[in-house]
Amino acid sequence: MRLLLLSNAKREGMGYLEHASGYLRDFLGGSVREILFVPFAAVTKTHDQFVEQIRPVFGALGITVKGIHSVTDPVGAVRDAQAVVVGGGSTWKLLRDLRERELLPAIRNRVLAGMPYAGWSAGTNVACPTIMTTNDMPICDPGGFDALALIPFQINPHYLHGNPPGFKGETREERIAEFGVLHPRTWVAGLREGTAFLVEDRAIRLLGEAQCRIFRHGEAPREVDPGADFGFLLAGP
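Residues numbered from 1 in each chain as written. Predicted model: local features only at pLDDT ≥ 70, side-chain atom pairs only at ≥ 80, totals over all residues. Heavy atoms only, no water.

1. A closer look at the packing of helix 4 (residues 91-100) against helix 5 (residues 103-112)
No. 1: The interhelical angle for the contact between helix 4 and helix 5, taken along N-to-C directions, is 90°, at an axis separation of 6 Å. The angle between helix 4 and helix 5 places the two elements in the roughly perpendicular class. For the pair formed by helix 4 and helix 5, the contact residues are Leu95, Leu98 and Arg99 on the first element and Leu103, Leu104 and Ile107 on the second.
No. 2: Residues belonging to the contact of helix 4 with helix 5 are distributed by class as follows: five nonpolar, no polar and one charged. (Axes fitted to C-alpha atoms, helices over the stretch in contact; angles between N-to-C directions. Helix = DSSP H or I, 4+ residues; strand = E, 2+ residues; numbered from the N terminus. Parallel < 35°, antiparallel > 145°, perpendicular 65-115°, else oblique. Contact = heavy atoms within 4.5 Å. Nonpolar A, V, L, I, M, F, W, Y, C, P; charged D, E, K, R; others polar.)

2. Some details on the packing of aromatic side chains
No. 1: As enumerated under the stated definition, the model contains nine aromatic pairs in all.
No. 2: Geometrically, the ring pair formed by tyrosine 16 and phenylalanine 50 is edge-to-face, given 6.4 Å between the ring centres and 75° between the ring planes. One end of the pair, tyrosine 16, is in the loop between strand 1 (2-6) and helix 1 (21-28); the other, phenylalanine 50, is in helix 2 (residues 47-59), with 34 residues separating them in the sequence. By the burial criterion, tyrosine 16 is buried, and phenylalanine 50 matches it.
No. 3: When the centroid spacing of 5.7 Å and the interplanar angle of 85° are considered together, the rings of phenylalanine 153 and phenylalanine 197 count as edge-to-face. Of the two residues, phenylalanine 153 sits in the loop between helix 6 (122-125) and strand 6 (154-157) while phenylalanine 197 sits in strand 8 (residues 196-200), which places them 44 residues apart along the sequence. (Phe/Tyr/Trp six-rings, centres within 6.5 Å; stacked < 30°, edge-to-face > 60°. Buried < 20%, exposed > 50% of the residue type's maximum accessible area, 1.4 Å probe, protein only.)

3. A short note on the sheet that holds strand 9 (residues 203-207)
No. 1: Read from one edge to the other, the open sheet built from seven strands follows the order 3-2-4-5-1-8-9, with strand pairing classed as mixed. The two strands at the open ends of the sheet, each matched to only one other strand, are strand 3 (64-67) and strand 9. Neighbour to neighbour, the strand axes of the sheet diverge by 20° on average, direction disregarded. (Pairing = 2+ DSSP bridges.)

That's the geometry; what it means functionally is another story.
Below, the structure is given as structure tokens:
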């Protein structure tokens, strides 16, 4: 199994996915010539606009982009795909649309058989067992919270520690602690901007320069450096 799970696509002063182009190049290598792109997380832009937004990024890597929304048989397209890439946006809409099109088992089966999977933000959320650690508002009913379960732990993309000055609402850490009370055996990884998890078979590595904050109920949250051993996350509950 090969996964590239990015926290984000946009960084200050950089183009869309620019900071991740090296990760994508190394991950997809010379073996992938076309990706099947899932744009269902888009809400304020059309699916076609989302495809056009990412096309130059992958084109620079010598990779063409096919939008799954444009094919007549989405399940068949997954079956034939060289790699699946899932973009960010609304995790709730993304999961709803994947479920309605019966794509959850189709994607999961292909990824477990070795097809590369890359995603960012919402695309990373749906790689988890559920979408319960997403940040975005529930703007639609996804028909259940269960997702692809490609990994046995939860990720909170865009993890931000503490609160901005003047804001007194719950911190991200407090929200994750609430999740932990109800799901005490589940690990949660707070994935900061500019970082990603690379999963290859039973090995996992944190890419980027920032630390990852790790949570599980009953244990003190801790910061883990890139290059450290994250294998415990793949061991499951």
